[in-house]
Amino acid sequence: MIRERLSQVLLIEDNPGDRRLIEEMLRDAAGRVPAGTGRGVAAGSRGTSGPPTVHHADRLDEGLQQLDDGAIDVVLLDLALPDSTGLDTLTAVLEHPADVPVVVLTGLSDERVGVRAVQHGAQSYLLKDEISGELLIRSLHHALERHERETRLTSLTTVSGGLMAAPSDDAIAESTIEAAADVLDLPVAVVCLYDPDRGALHPAAASDQGATLLFVDGPEAGATGIDADLTEVAATTVRRAFAADRPIVDTDGSSGEALTGEDGPLESLLVLPLGTHGVLLAGTVDGTMPSTSVDFARILATNAEAALERLEREREVREREATLDAKNEALERLDRINTVIRDIAQGVVRASTRTQLERTVCERLATVDHVRFVWIGTYDELTGTFAARASAGAEDGYLASVGITTEDGPAVAGPVETAVRTREVQVVADVVRDLPSGPDREEALKRDFRTFASIPLVHGETLYGVLTVYVDRPGFFTGDVQTVLGELGEVIAHAINAVESKRALISDRVVELEFELRSPEVALVELSAQVDCGVTFRSVVPRDDDRLRIFFSTRGAEVEEVLAYADRALAIEECSLVDDGGDSAVFECTLREPNVVSFCLDHGVGLQALAAERGEGRVVVELSSDADVRGFAARFQSKYPETTLVASREGERSVQTRQAFESALNERLTDRQAEVLRTAFLSGYFDSPRASSGREVAEMLGIAQPTFNHHLRAAQRKLLGLLYAE
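Within each chain, residues carry numbers counting from 1 in the order of the written sequence. Local features in this predicted model are restricted to residues whose pLDDT is 70 or higher, and side-chain atom pairs enter the listing and the counts only when it is 80 or higher, whereas totals over whole chains, interfaces and linings include all residues. The side-chain quantities take in all heavy atoms of the structure and omit both hydrogens and water.

Take unusual backbone geometry next. With the exception of glycine, most residues fall at negative phi, and the peptide bonds are largely trans. Residues E593 and P594 are joined by a peptide bond in cis, for which omega reads -10 degrees. Topologically, P594 is positioned in the loop between strand 22 (584-591) and helix 18 (596-602). Each neighbour pair has its own omega, and for S688 with P689 the value is 0 degrees, a cis peptide bond. Here a strand is any run of E in DSSP of at least two residues, a helix any run of H or I of at least four, and the numbering for each starts at the N terminus. Examined against the element boundaries, P689 turns out to sit in the loop between helix 21 (671-682) and helix 22 (694-701). With phi around 50 degrees, D245 is a residue other than glycine that occupies positive phi space. Within the secondary structure layout, D245 lies in the loop between helix 8 (232-244) and strand 10 (248-250). For D245, a relative accessible area of 51% translates into the label exposed. Burial classification: accessible surface area is computed with a 1.4 Å probe over protein chains only, and a residue below 20% of its type maximum counts as buried, one above 50% as exposed, and the rest as partly exposed.

What follows is the structure, encoded as structure tokens:
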């Protein structure tokens, strides 16, 4: 308990004359010296005080017995007593549990003893021969104040240690309130902490009087997680100090800051911001607040702020460590996934069939940690249904339970359907939270499917299916993992395209589809409509930049009209004349993507013929018999809406022998053309560098060089026409 005034003095002195002199000095001086003349009490705050009560003891043991009563404020101690002398006397008093300040009385010859006494713990010493009443009472007041200050500092040091060891913000708030009441003798105290999530201050702990006087509904004092609000005026004052990061100090109600009168119950007020963490509010309901209480409250607030800062740093460190651990785990998981994906890439390259490829993908993905189940399904655009083609892992009847079978199943809503529609990876991060309640969620949880991702298998504009991966832990599909799986989907789709294209080339059984179309999106059809002519696709040659060079011929059109249209058509990038045959001309052009030729090639489909007459076209394509014929037809008609499938023919791919080819070529060449072509080849005319020049070959044949050139070009045109046009 803080002693605010000097009222009880214990004089341990065996000399009756000295005892009477000191008592008279205290009695005479007390009325002339204001109470609390030190820094600890505001001057004039309580006016003058009466003389302190003096208790007397002749011997040390008698004095110690009086200290047991606990009512003594200061001890005046003579070191030369009948039962004890010197510094041992001082030590006995200082070690008494009462813990009161001691002022030592010495003679002129013992002044050095007085200095040593102060060094051993006495507050001060007085020389009996030089003492006066005013000096005596001021020394006692100062001794009391210094002792109380030391006691408070010691207590605050202990409190600081406890604050720094506190496990939570609420525990720090509670300890701060206890210290304000017990150490600083401030009965009204509240700690408000800032909640960054709510963006507001809220009471975290309060003393009994603080809760009663400053809360709208006073909760139990000291309780954590207080569910109460400050009064409006108190809340406004707290918010103002916190926002400005500036203390509010009104020790006697004179500044207008204190919550006095109609504004509140406090005569003095102290509001100290705790940095960015909150505010300490303290005050008294009567009287003034000593300046030492303000100083010590600032120390307490600084210690509380440091403790809160420590907890915040520790939380940040833990969060950073947790984030780092999560990132490390994600990187390790990503590395394992990348390893599996490299293995998958090697497997799909070696796969000879689509079925083998899809089975390889599912089986190897199912070996990744936490992956429970993997399946690949195809989507039928005509019927809007899914069919599972391959799967691996803990399926346990899952596909059948959610309506997916090895045959065409019902349309599937949710992430799988969204992946088909958007052509982007779709993730259900948490089945419990994100999947609507129903059979799908129930069946997934039965098999410990906690999260899953659906990856569209897209190459160019073709969707080959959807790969879906189920995992037993939420948060598995991070952004990096989704990116990697998206790239895997592209690799798988590319591999499927390559496999189907290869089979389309080597398959003996083929399906030929014939479409009629009036779509203005097809450049050659639109050309025939705009120029009012016939257009025939001749061949396609890939350019170095992966774009396609298209050759086509026209009938019944002026060359200038064709070139003029090509120059203004958005679908045609470049166009030039190759051969002007009068009514029939051959052109070379580059079509902008996408176009009908690249569409067929991207799907592994051979474009056999494309002809148009005045806006009405016919397209013939050839597919392998085991390709997804119906799916391609649906995609083609979806891409070019004004299209009708008019024929579907299945048969054997025509195979031409070398003898048949030579026979066909000889039928087209004249004897002279065949002779010129063969002689030029055998004489090294086509070698690089040339073994024979055109003039030398012409001399061999006995003809002029212009005649040689004419026959050679005619023979080459017929040979290349047989290769590329027929």
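Through backbone hydrogen bonds, the strands of a sheet pair up, either in parallel or in antiparallel fashion. Note on pairing: DSSP must find at least two bridges between two strands before they are called paired. Taken in spatial order, the five strands line up as 2-1-3-6-7 in an open sheet, and their pairing is parallel. Whereas interior strands pair on both sides, the edge strands pair on one side only; in this sheet they are strand 2 (53-57) and strand 7 (124-127). Each adjacent strand pair in this sheet contributes to an overall mean axis angle of 20 degrees, direction not counted. Inspection of the sheet shows strand 3 (residues 74-78) paired to strand 6 (residues 102-106) by four bridges, in the parallel sense. Every axis corresponds to a line fitted to the C-alpha atoms, with the helix fit spanning only the stretch in contact, and the corresponding angles, defined between N-to-C directions, vary from 0 to 180 degrees.

This brings us to the packing of helix 2 (residues 60-67) against helix 3 (residues 87-94). It is at 10 Å that the axes of helix 2 and helix 3 come closest, and there the two elements cross at 15 degrees. What the angle tells us is that helix 2 and helix 3 run roughly parallel. Every pair of crossing elements has a handedness; the one defined by helix 2 and helix 3 is right-handed. From helix 2, L60, L64 and L67 reach across to helix 3, where they touch T89, A92 and V93. Split into classes, the residues belonging to the contact of helix 2 with helix 3 amount to five nonpolar, one polar and no charged. Here is the rule for angles: anything less than 35 degrees is roughly parallel, anything more than 145 is roughly antiparallel, 65 through 115 is roughly perpendicular, and the remaining ranges are oblique. If you view the pair so one helix is near and one far, a crossing is left-handed when the near helix is turned anticlockwise from the far one by less than a right angle, and right-handed when it is turned clockwise. Contacts: residue pairs with any heavy atoms within 4.5 Å of one another. Under the scheme applied, nonpolar residues are Ala, Val, Leu, Ile, Met, Phe, Trp, Tyr, Cys and Pro; charged residues are Asp, Glu, Lys and Arg; polar residues are all the others, including Gly.

On to the sheet that holds strand 11 (residues 268-273). Read across the sheet, five strands follow the order 9-8-12-11-10 without closing on themselves; strand pairing throughout is antiparallel. With partners counted over all chains shown, the strands left at the sheet margins are strand 9 (200-206) and strand 10, one partner each. If you compare each strand with its neighbour and ignore which way they point, the axes differ by 20 degrees on average. Sheet topology note: the strand 8 (residues 188-195)/strand 12 (residues 278-284) ladder contains six bridges and is antiparallel. Bridged to V190 within strand 12 is L281. Strands strand 8, strand 9 and strand 12 of the sheet are contacted by helix 6 (residues 169-182), whose axis makes an angle of about 160 degrees with strand 8. Each of strand 8, strand 9, strand 10, strand 11 and strand 12 is contacted by helix 8, which is oriented at about 40 degrees to strand 11, the strand it contacts most.

The side chains of a regular strand alternate, residue by residue, between the two faces of the sheet. Within strand 22, six of the eight residues are buried, which leaves the element mostly enclosed by the surrounding structure. Direction of pairing for strand 21 (residues 572-581) relative to strand 22: antiparallel, over a ladder of eight bridges. Residue pairing for strand 22: I572 is matched across the bridge by L591. Here strand 21 hands over to strand 22 after two residues, with G582 in that stretch at a positive phi of 85 degrees.

Within the secondary structure, F477 sits in the loop between strand 17 (462-471) and helix 15 (479-506). By relative accessible area, F477 is classed as buried at 7%. Sequence spacing of F477 and V428 is 49 residues, and the spatial spacing of their C-alpha atoms is 9.0 Å. Filtering out sequence-adjacent residues up to four positions away, F477 remains in contact with V427, T451, F452, A453, V469, V471, Q482 and L485.

A word on the confidence of the model for the protein chain. What pLDDT conveys is the predictor's confidence in a given residue, as a value from 0 to 100. Taken over all residues, the pLDDT of the protein chain has a mean of 82, while the share at 70 or more is 88%. In the predicted structure, residues 34-48 sits below a pLDDT of 50 and forms 31 contacts with residues beyond four places in sequence or in another chain. A low-confidence stretch, residues 218-225 stays under pLDDT 50, and its non-local contacts, those more than four residues away or across chains, total 16 contacts.

So, on to a negative patch on the surface. Taken together, the side chains of E558, E560, E561, D579, D580 and D583 define an acidic patch exposed on the protein surface. Put simply, the parts of the chain that give the negative patch at least two residues each are helix 17 (559-568) and strand 21. Looking at the secondary structure, you find E561 in helix 17. Only residues above 30% relative accessible area that lack a salt bridge enter a patch, with like-charged residues linked at up to 9 Å and the nonpolar side chains Val, Leu, Ile, Met, Phe, Trp and Tyr linked at up to 5 Å. Note that accessible areas follow from Shrake-Rupley with a 1.4 Å probe, and for residues the cover is restricted to the protein chains shown. Salt bridge, as used here: a side-chain nitrogen of Lys or Arg that lies within 4 Å of a carboxyl oxygen of Asp or Glu. As used throughout, the charge tally considers Lys and Arg to be positive and Asp and Glu to be negative, leaving His and the chain termini uncounted. Every charge is mapped onto a representative atom, which is NZ of Lys, CZ of Arg, CG of Asp or CD of Glu.

Turning to the packing of aromatic side chains, a few remarks are in order. Between 30 and 60 degrees the pair is tilted, below 30 it is stacked and above 60 it is edge-to-face, where a pair is any two Phe, Tyr or Trp rings, Trp via its six-membered ring, whose centres lie within 6.5 Å. Enumeration according to the criterion identifies 18 aromatic pairs in this entry. Taken together, a centroid distance of 5.4 Å and an interplanar angle of 25 degrees make the contact between Y194 and F242 stacked. In this pair, Y194 is assigned in strand 8 and F242 in helix 8, connecting sequence segments 48 residues apart. Relative accessible area serves as the criterion here: at 19%, F242 is assigned to the buried category. Measuring from centroid to centroid gives 5.5 Å for Y685 and F708, while their planes differ by 85 degrees, and the two rings are edge-to-face.

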